[in-house]
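A structural walkthrough
Single-letter residue listing:
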Amino acid sequence: MVTKEETYQHIWELFKEIPDPEIPVLSILDLGIVRNISSEGDTLVITITPTYSGCPAMSQFEDDIVAKLKENGIEKVKIVMTYDPPWTTDWINEEAKKRLENYGIAPPIKGTQDKGVLFKERVENVRCPQCKSTKTEVISQFGSTACKALYRCKDCLEPFDYFKCL
Amino acid sequence: MKNLFKYTVRLADNSLILGHRLAENCSWGPYLEEDISVTNTSLDLLGQAEEFLIYAAEVENEGRTADDLAYKRPEIEYYNVQLTEQPNDDFAHIQARQFFMDAFNFYLYSALKNSSDSTIAAISAKSLKEVTYHLRRSSEWLIRLGKGTPESKERMQKAVNDLWQFTSELFEMDEVDEALISEGIAIDLKEIQKLWKNKITEIFKMADLTYPEGGYQATGSRKGYHTEYLGFILAEMQYLPRAYPTAKW
């Protein structure tokens, strides 16, 4: 007899196998998108939260979750969206941040937002994922996706994405 | 529940219409990074609008979906402030409009994240994080253009002067606000107005821009009255779902 807790644990493990469609080195578990697993009768209820409000990957995440569960014999699934607490990059663990950096994206610096160039409050120490220099500058607050800003390294002169702190 | 529905729809409509206006700039940005910034800001706003519309549909509980609300309401049932529907005349107008709205949304969501309505509070807390970025970015553009060349300064000042007539409307309140303020759901916009004015004054000072005083102030969006521009926006936005009512995403 498999207990409910064991089944849930198994499902959490499955979610490690679902990559972010834009940043494949991160799984939906690394991102902290799945908030809860429960059940209503014989239906499995997966509670998820959006990263950015308009994140176009969200519907992809939903489809991927349903497909992954179906692959594993779970047909009755309900996806519930929650906004509270709001998603934060602080939920990305240190190990996942290392994977991000190796992938070429500077990971979010905990508890901060990258600040505007004209205001003094700016964070100075975003590290270049290529040469690890901290002499970097913002090119644009928004990079290739809403969750990233575009930076440039003043030492190796390479542009790079910074995963914005939210 | 009628009041809560209307209040939620207003919040959604401001983001939806401004988001749509910004999306019109896709591929028209002055350079690549800015093109991406404008459309990513649009994406945030459309996401916020969707969250509020999903909630509005739930509150109304008459079988309409978020998409029905976005695509099947006529102009008179849209409650976005007229500022959001003003055209993309030039880049200065786009950023001035954005700055006025970002500053408003920043203080509004800062307050609404403590709303007694838990869904409004949660969406506001989430939106606030995004709007913080938006406000910083549009503030920077005001300063860059205000302190840039004589032409950029002149254009930015003109944009600010042209759009000023639509700013009082941000803080108008009616019986919907009054009822919901007493329940702790809505926010007294008079308080937001003070904070907004301080922010505008601060950034105008940094940008060497002159604070416009007096003049005509537009009104009407609380009753669904709009400038001529909203009709054109809706005609484009609603064309597909009206022409093909069974179309799905």
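Per-chain numbering applies: the sequence of each chain, read as written, is numbered from 1 onward. Chain letters and ligand numbers both follow the written order, the letters beginning at A and the numbers at 1. It should be noted that, the model being predicted, local features are given only for residues of pLDDT at least 70 and side-chain atom pairs only at 80 or more, the latter also being counted only at that level, while totals for whole chains, interfaces and linings use all residues.

1. Structural notes on the confidence of the model for chain B
Spelled out, the test is: As a per-residue measure, pLDDT reflects the predictor's confidence and takes values from 0 up to 100.
Confidence in the prediction of chain B, expressed as mean pLDDT, is 96, and 100% of residues score 70 or more. The complex prediction reports pTM at 0.90, with the ipTM value standing at 0.79.

2. Let's talk about the environment of Glu202 of chain B
The criterion, for reference: The helix and strand labels rest on DSSP assignments: H or I over at least four residues marks a helix, E over at least two residues marks a strand, and numbering proceeds from the N terminus.
As for its position among the elements, Glu202 of chain B is in helix 9 (residues 189–206). Distance in space between the C-alpha atoms of Glu202 of chain B and Asp13 of chain B is 28 Å, their sequence separation being 189 residues.

3. Remarks on the nonpolar core
Let me state the cut-off plainly: Buried Ala, Val, Leu, Ile, Met, Phe, Trp, Tyr and Cys residues whose C-beta atoms connect them within 7 Å together make up a nonpolar core. Counting other C-beta atoms within 10 Å of its own, a residue is labelled buried from 20 upward, exposed at 12 or fewer, and partly exposed in the gap between, with every C-beta atom placed from the backbone. Where each domain starts and ends follows an automatic or database-derived domain assignment. What counts as a contact is two residues whose backbone-derived C-beta atoms lie within 7 Å of each other.
In terms of nonpolar packing, the biggest core is built from 98 residues, with Ala103 and Phe104 of chain B touching the most fellow members. When residues of this core are assigned to their parent elements, the largest contribution, 14 residues, is made by helix 5 (residues 91–112) of chain B. Taken domain by domain, this core gets at least three of its residues from each of domain 1 (4–87) and domain 2 (104–163) of chain A. Residue contacts for Ala103 of chain B: discarding those within four places in its chain leaves Leu135, Trp196, Lys199 and Ile200 of chain B.

4. Brief notes about the domain arrangement of chain A
Residues and elements named next belong to chain A. Going by this rule: Note on residue categories: nonpolar means Ala, Val, Leu, Ile, Met, Phe, Trp, Tyr, Cys or Pro, charged means Asp, Glu, Lys or Arg, and polar means any other residue, Gly included.
What the domain assignment lists for chain A is domain 1 (4–87) and domain 2 (104–163). Listed as interface residues are six residues of domain 1 and, on the opposing side, four residues of domain 2. Of the residues in the side of domain 1 that touches domain 2, the class split is three nonpolar, two polar and one charged.

5. Considering the interface of chain B and chain A
Contacts between chain B and chain A engage 24 residues on the former and 19 residues on the latter. The set of elements that each furnish at least two residues to the side of chain B that touches chain A consists of helix 2 (32–60) and helix 6 (118–146) of chain B. Here the element with the most residues in the side of chain B that touches chain A is helix 6 of chain B; it accounts for 14 residues.

6. A look at the packing of helix 5 of chain B against helix 9 of chain B
Residues and elements named next belong to chain B. For the record, the criterion: Think of each axis as a best-fit line through the C-alpha atoms, taken over the contacting stretch in the case of a helix, with angles from 0 to 180 degrees between the N-to-C directions. The scheme is simple: roughly parallel for angles under 35 degrees, roughly antiparallel for over 145, roughly perpendicular for 65 to 115, oblique for anything else. Left-handed describes a crossing whose near helix is turned anticlockwise from the far helix through less than a right angle; right-handed describes the clockwise counterpart.
At a minimum axis separation of 9 Å, helix 5 and helix 9 run at an interaxial angle of 140°. The orientation of helix 5 with respect to helix 9, classified from their angle, is oblique. Viewed along their axes, helix 5 and helix 9 form a crossing whose handedness is right-handed. Taking contact as the criterion, the partners of Ala103, Phe104, Tyr107, Leu108 and Ala111 in helix 5 are, on helix 9, Ile192, Leu195, Trp196, Lys199 and Ile200. Residue composition of the contact of helix 5 with helix 9, by class: nine nonpolar, no polar and one charged.

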